[in-house]
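Okay, here's what each chain looks like letter by letter:
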Amino acid sequence: MANQVETLTTAARRAERRRPDASGSARVRALWRFCRRKPLGALGGLIVLALIVMAALAPWIAHYAYDETLRGARLKAPGAQFWMGTDNLGRDMWSRVVYGARVSVTVGFGAVLLANALGALIGVSSGYFGGKYDICVQRVVDAWQSFPFLVVILSIMAVLGPGLLNIVLALGVVGAANASRVIRGTTISVVENVYVESARAIGCGHLRIMVRHILPNVAGTIIVLATIGLGAFILAESALSFLGFGVPPPYPSWGAMLSGAGRSFFYQAPWMAIYPGLAISLAVFGFNMLGDALRDMLDPRLRGVGGRMR
Amino acid sequence: MRKYVLRRLLVAIPSLLIASFIVFSLPRLLPGDIVQLMLEERAYGKDLDDLRAKLGLNRPIYVQYFEWLGSVVRGHLGESLWTKRPVVEELTRRLPVSLKLGALALLFSVSISLPIGILAAVRQDTLADYLSRSVAILALSIPGFWLATLVVVLPAIWWNWSPPIQFTEFSADPWAHVAQFILPAFILGVASSAAIMRLTRATLLEVLRQDYVRTAWAKGSRERSVVLKHGLKNALIPVVTVLGIQIAQILGGTVIFETIFGLPGMGRFLFDAINQRDYPVIQGINLLIVSMIVLMNLLVDACYAFLDPRIRY
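Conventions and cut-offs
Residues numbered from 1 in each chain as written. Chains lettered and ligands numbered in written order. Predicted model: local features only at pLDDT ≥ 70, side-chain atom pairs only at ≥ 80, totals over all residues. Helix = DSSP H or I, 4+ residues; strand = E, 2+ residues; numbered from the N terminus. Buried ≥ 20, exposed ≤ 12 C-beta atoms within 10 Å, placed from the backbone. Contact = placed C-beta atoms within 7 Å. Nonpolar A, V, L, I, M, F, W, Y, C, P; charged D, E, K, R; others polar. Expected span 1.5 Å × (residues − 1). pLDDT = per-residue confidence, 0-100.

(A) Focus on the overall build of chain A. The helix and strand inventory of chain A stands at eleven helices and zero strands. Looking at chain A as a whole, 46% of its 310 residues qualify as buried. When contacts within chain A are restricted to residue pairs at least 6 apart in sequence, long-range pairs at least 24 apart make up 72% of them.

(B) Spatial organisation of the overall build of chain B. Assigned secondary structure in chain B consists of twelve helices and zero strands. Listing every helix and strand of chain B by position from the N terminus yields α-α-α-α-α-α-α-α-α-α-α-α. Expressed as a percentage of the 313 residues in chain B, the buried residues total 37%. The long-range fraction of contacts in chain B, counting pairs at least 24 apart against all pairs at least 6 apart in sequence, stands at 72%.

(C) Fine view of the interface of chain B and chain A. Contacts between the two partners involve 46 residues from chain B and, on the opposite side, 39 residues from chain A. When contributions to the side of chain B that touches chain A are tallied by element, the ones reaching two or more residues are α1 (2–28), α6 (127–141), α7 (144–159), α8 (174–208), α10 (223–260), α11 (266–276) and α12 (279–307) of chain B. Among the elements that line the side of chain B that touches chain A, the one with the most residues is α7(B), at nine residues. When its residues are assigned to classes, the side of chain B that touches chain A shows 38 nonpolar, eight polar and no charged.

(D) Looking closely at α7(B). In this model α7(B) runs 22 Å from its N-terminal to its C-terminal C-alpha over 16 residues, within 8% of the 22 Å that 1.5 Å per residue would give. Of the residues making up α7(B), those classed as buried are G144(B), F145(B), W146(B), A148(B) and T149(B). In this structure, the buried side of α7(B) is in contact with α9 (206–242) and α11 (271–298) of chain A together with α8 and α10 of chain B.

(E) Region of interest: the confidence of the model for chain A. Residue and element names in this part refer to chain A. When pLDDT is averaged along chain A, the result is 80; 88% of the residues meet or exceed 70. No element of chain A has a lower mean pLDDT than helix α1 (residues 2–37), which averages 62, and none a higher one than helix α4 (residues 93–129), which averages 89. Overall, residues 15–21 carries pLDDT values under 50, and its contacts beyond four positions in sequence, including any with other chains, amount to zero contacts.

Below, the structure is given as structure tokens:
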């Protein structure tokens, strides 16, 4: 008996000692397992990584400045010097596409952060308190959700005026309604757990229970929502920029590159129309693939959530 | 059932009231002052205050809201600040265009997504399944306005042909009138079909593992009957729910597609109104859209009872 206890203690101690090192290699192993089981998800992750690197290191990856007008280089076809050709003002398309990644990444991550923070605030409190508070909040969310996404965003953008921060605000506020619905649903099932009841029994306040006991348990849902949301937000940003409510020129955004005065040159220079759209599609595809795979592994209940905003 | 629909209608009223307040107050927060803008572009009044009084914009906002709400109930949506034409009249002219576009898009969407979703579920983990799932994610990722742009530009370069972007009335040329809707509706439909297809596959897979489906197999039903009669009918409830959401998204999508393809519908009207800060028009269109969506959701709920007789209201 004593022997057994001692073996257990040494085992525990050994495990304790191994932990920091083991968690590092366990993470690598988990990543490897993810890549093997979800090759398409891994591909998506790779695309996302490339996008982030492109945005962060844009000045080093681009060949020219995004607004640099090159003399005698109007509407040049793609080739060795200009990988994606040049536009009607003689600007290098590759450089503009690379810098455009900055807008997409900033808007995507910014809006997701805002939407999920607001969504968690509304969703967790609504699911936790329930009752009249829940009913009132949910009616407002209902009303908010019954507008078509693009119509609300356009109206908000008209109020705020174009600009990077305003897009993030508009997308974040609108996205929050959707996020809060899903988070509320998860919260309701988490609240039923015994540990929430015991937390209440030992006298924890509402705030402490929500932050320390419920939030960590809905984090998985939030991560999945965020990854799927990123693709949708990038798509929405491009649509807004396309309609002229995005980042003001000359700063390149992929959606804006497909609209405006340049449109009449698409017939002479189809590469002007092709590459920015390809960039949007690839970026969104990456996030969707990664999000799908993450959802299957972390939270299969969320199947059918998310998708697209137009 | 009738009692349920009545109760749902009553519950929809507060939602609609909140929505109407959002609809009303949102455009009024515009930073650019409509009065300033109108004075700059065309001289309507003597000065700012004069014009403001003429438009009734000088009174407190809640007075304006209740006045507006009162006239809405009586079927008036006011008149455009720019053209002075009644909003209701403009909408009755433009709504059919958007409805045709939306209905056709929905038709494309359902007729693409349901068969493929069923096939992917029944032949799970085969090449057909992988292919259709990959194509669906791809369709979710491609921006519709880009696809629409390519469809207009590329044929023009390759074959010197481009889809019509000049609007033709039905009375002028019925065939051309219908034809101009097909392409935008198809692109709009493809995008929303991806979401419906994925959900159809996921829910059908779940249903096909149920005991009653095994019973259906055991009693010797043919595959067609098992999948369509026992499987699909039970898998359709979430699909119908998403269909309701998709209708809202399709309505939003009309803003982009009517602009690209030159269709004089409600979406383009809204886009122009937002650019011109035309409050009554923005309010009128948004209110109409919201009411249509609330009604649609009610219809979706009523569909549940039809699809699943266990649901009693």
